[in-house]
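# Reading the structure
Residue strings, one per chain:
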Amino acid sequence: MSEKYLYPDNRVIKTKERVKKSLLTLLNQKNFNDITIMDIVKLAKINRGTFYNHYKNKEQLLNEIVDEIMADLIHSYRSPYQSNKKLKISDISPSTVKLFDHVYKNYTFYSSIVNSDMLPTFQHRLCLELCRLALYDVRISNPKINSNLYASYTAFATGGMLIEWVRGGFKYSPDYMAKQLVEILNISPNQIMVER
């Protein structure tokens, strides 16, 4: 096979990056359904033919962006236990939690999605990925706890924490958020009290 087909052309990579950046910029200005291919290509400074050389439609473009983000999110989620076969939640150090670094690094994407009409669709995908990670990677020693329900609980709690952090304009640093997540995961029931 020719080397040409093994490695993507730098021009193709740069064009696709401009197209993706254009879509994310437009999501800050209008709803996804109101964005046209013409809007995207005009902002990316390419012609429609170039767009259609790479994407069938704007939905395929958005799906490619989300797939790339999810792959990086999964890698970041697994960061604390990447080099360990087993690790107790209580042994996780905030410095190894890279989930918030991932979100902060992809600030433009998360801000665009969270502040757009695409949030419900994205939130569903985010929680689905977090739920899968909890199901595949986490073992619970308490037989009374249903692993599917536990996975859903942690996925929606973590996903909600991420989304509210973005919605709040990244008020806290990624380090602070990592420390808070570790503290929340390790909170003991006798430290929680209900008062009226």
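Higher on the page you've got the structure.
Description of the structure in this document. Please read all numbers here as calculations on a predicted model, not as lab measurements.

### Some details on the layout of surface pockets
Approximately 1200 Å³ is the volume found for the largest pocket. Forming the boundary of the largest pocket are 37 residues, of which Ile89, Ile92, Val138, Tyr150 and Leu185 lie nearest the centre. Of all elements in the fold, only α5 (58-77), α8 (119-137), α9 (147-167) and α10 (174-185) reach the threshold of two or more residues within the lining of the largest pocket. Element by element, the count of residues in the lining of the largest pocket is highest for α9, at 7 residues. Each residue belonging to the lining of the largest pocket can be placed in one class, and the counts come to 24 nonpolar, 7 polar and 6 charged. In this model, the second largest pocket occupies a volume close to 240 Å³. Along the walls of the second largest pocket sit Glu17, Lys20, Lys21, Leu24, Ile65, Glu68, Ile69, Asn106, Thr108 and Phe109, which together make up its complete lining. For the lining of the second largest pocket, the secondary-structure elements that each account for two or more residues are α2 (10-27), α5 and α7 (107-114).

### What to know about the side chain of Asn106
Looking at the secondary structure, you find Asn106 in the loop between α6 (99-105) and α7. Within the local environment of Asn106, its side chain forms a polar contact with the backbone oxygen of His102, the two atoms lying 2.8 Å apart. Once you skip the residues sitting within four places of it in the chain, Asn106 turns out to touch Ile69 and Asp72.

Calculation rules
Residues numbered from 1 in each chain as written. Predicted model: local features only at pLDDT ≥ 70, side-chain atom pairs only at ≥ 80, totals over all residues. Heavy atoms only, no water. 1 Å grid on protein atoms, 1.4 Å probe; cavity = no way out; pocket = protein on both sides within 12 Å on 5 of 7 lines; lining within 4 Å. Points joined across faces, edges and corners; volume = space filled by probe spheres on them. Helix = DSSP H or I, 4+ residues; strand = E, 2+ residues; numbered from the N terminus. Nonpolar A, V, L, I, M, F, W, Y, C, P; charged D, E, K, R; others polar. Polar contact = N/O pair within 3.5 Å; in protein donor to acceptor, adjacent residues only side chain to side chain. Contact = heavy atoms within 4.5 Å.

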